[in-house]
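Fold and geometry: a report
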Amino acid sequence: MEKTEQRFSLQKEILELAWPSITEQMLIMMVGMVSTIFVGHISTAAIAAVGMINTLVFFFQSIFAGLSTGCTVIVARLIGEDDDENAKLAVMQALVMCIIIFILFTVFGYIFAVPLIKLFFGSVAKDVFELGLMYYKIILLGMPFVIIDIVLGGALRGAGDTRTPMYITATINLISLILNSLTVFGVNVGGHQLIPAFGVKGSAMSVTIARVIGGFIQLYVLYFGKRRINLSIKDGVKLNFPMMLRIVKVGVPASLEQLIMQGGFLIMQVIVSTMGTASIAVYQIGMNANGLAFMPIFGFQLAATSLVGRSLGARKMMLAETYGKLSNKIAVRIITVIGIAMFIFARQLAALYSTDPEVIRMGAVVIRIFAAIEPMLAIMNVLSGVLRAAGDLVYIVVTAFIGLWLFRIAIGYALGKWMGMGIYGIWIGICFDFVVRSFMYTYRFKQGKWKYLMV
């Protein structure tokens, strides 16, 4: 009876920590879907261009995602050790590093915009390239604020505060949604055009403005909110290289993992870009479906990372393992239900993004292929979150390389290009990646060595 009550208490703790992140992902997904739907109804070229550039931007963001992971893991460990002062110091060092990086990133990203896009997407149709270049130059201006949001949001989650990032994301996405609805198709009242129809440019401006506002909100919360890891303007900027090194020690492998992953996604996008505008559009629909499935998983992944990290920091090894098992089990059950719904309503989901019958038909097939292996997506992400909390990042880097480059890209390219299966072959390669990595993480988790790593 006592074990049952303890299990119920732990499940409740996981859900309480996970639901704000799940809600946050639902908001991100909802706005992302609406934005993609808006752009998709402009033209097939528009949805292809926006999806293409977003893949490139996500590749760039991988560096900062690693820094965010480093900050999350170190803050969670320090909070577990009841060392609030060093937790605050870790946040300060992460903020300093991200400011230096984003200045360099923005300047060089803008100077080399044309050759960069030509390098990856030089084979696309001229109209897709021009739309993509315009979209890229606008959203690049908001990237510094995305970086601030990623890193500081990671710090808050590491401290167990998943609600504040949820509220900030809700604000950003609400602003983006409102601006998208006003600027993409414009506003016409009684035959008078109050706001011009900016199309893809309007979508880019809306996203950028929302991201800038979100970055300033995140900074305000960090300095003027009432959290365990709040900083003070009076303290100025403190540099602590040993703490930077500690964050980098976790962040570099995490960044390498993200670079391998996002690099794989980027190469897949490059391969798909040679298959024609319709295939690019279908690929974006499939990736959006992937995002729809990922939103609950993300919450349980973050809950597992935070709870496991704090448990390991307090040297409670068995509790860390229990949190990992329960988070994984709950995520698999929820994602299975979502997968069944996506399989049944695949055509209706694809039809939200396009009016092109061929794109809808192909998109429905891709969504159904993905829906069939969604439980593997849950296992892969939640258990990787557990291993990140433990600092087992070298293993994650290796598995990311094996899954993405040896299975997703190699098999996807072989089936899609050599065997002529097109976008379906690409998607089968993606499924192989999910299955292989989920088995590798399960094996590593059951070994149990991760519980005794030092970070």
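Since the structure is predicted, the reported quantities are computational estimates derived from the model, not experimental observations.

Of note, L104 is situated in helix α3 (residues 84–111). On the basis of relative accessible area, L104 is assigned to the partly exposed category, the value being 49%. Separated by 40 residues in sequence, L104 and P144 have C-alpha atoms that sit 10.0 Å apart.

This part is about a nonpolar patch on the surface. Residues I99, I100, I103, L104, V107, F108, I111 and F112 make up a contiguous nonpolar surface patch of about 770 Å² in total accessible area. Note on placement: I111 falls in helix α3. Taking relative accessible area as the criterion, I111 reaches 56% and is therefore assigned exposed.

A few words on unusual backbone geometry. It is generally the case that most residues other than glycine have a negative phi and that most peptide bonds are trans. Positioned with a positive phi, D82 is a non-glycine residue whose angle comes to about 60°. With respect to the helices and strands, D82 occurs in the loop between α2 (44–80) and α3. By relative accessible area, D82 is classed as exposed at 64%.

Moving on: the domain arrangement of the protein. Once the domains are mapped, the protein shows domain 1 (12–239) and domain 2 (262–452). Here the C-alpha centre of domain 2 lies 21 Å away from the C-alpha centre of domain 1. When the two sides are added together, the surface that domain 1 and domain 2 hide from each other amounts to roughly 3,800 Å², 74% of it contributed by carbon and sulfur. In this structure, the connection of domain 1 to domain 2 is made through zero salt bridges. Summed over the shared surface of domain 1 and domain 2, the number is zero residue pairs in polar contact (both at pLDDT 80 or more). Among the elements of the structure, α1 (2–40), α2, α4 (113–121) and α6 (143–158) are those that each provide at least two residues to the side of domain 1 that touches domain 2.

Time to look at the packing of aromatic side chains. For the structure on display, the rule yields eight aromatic pairs. Each ring, one from F108 and one from F112, has its centre 6.3 Å from the other, and the planes form 0°; the classification is stacked. Take F112: its relative accessible area is 44%, and that puts it in the partly exposed class. Between Y395 and Y441, the aromatic rings sit 6.5 Å apart at their centres with planes inclined by 65°, giving edge-to-face as the arrangement. Separated by 46 residues along the polypeptide, Y395 in helix α15 (residues 393–418) and Y441 in helix α16 (residues 423–447) bring together distant segments of the chain. Across this residue pair, the class does not change: Y395 and Y441 are buried. A cation over an aromatic ring shows up here: K137 above the ring of Y110, its NZ or CZ 6.0 Å from the ring centre. The ring of F343 has R368 lying over it, and the distance from NZ or CZ to the ring centre is 5.6 Å.

Rules used throughout
Residues numbered from 1 in each chain as written. Predicted model: local features only at pLDDT ≥ 70, side-chain atom pairs only at ≥ 80, totals over all residues. Heavy atoms only, no water. Helix = DSSP H or I, 4+ residues; strand = E, 2+ residues; numbered from the N terminus. Buried < 20%, exposed > 50% of the residue type's maximum accessible area, 1.4 Å probe, protein only. Patch = residues over 30% accessible without salt bridge, like charges linked within 9 Å, V, L, I, M, F, W, Y side chains within 5 Å. Areas by Shrake-Rupley, 256 points an atom, 1.4 Å probe, with all protein chains shown as cover. Salt bridge = Lys/Arg side-chain N within 4 Å of Asp/Glu carboxyl O. Domains from an automatic or database assignment. Buried area = accessible area lost by both parts, 1.4 Å probe. Polar contact = N/O pair within 3.5 Å; in protein donor to acceptor, adjacent residues only side chain to side chain. Phe/Tyr/Trp six-rings, centres within 6.5 Å; stacked < 30°, edge-to-face > 60°. Lys NZ or Arg CZ within 6 Å of the ring centre and 35° of its normal.

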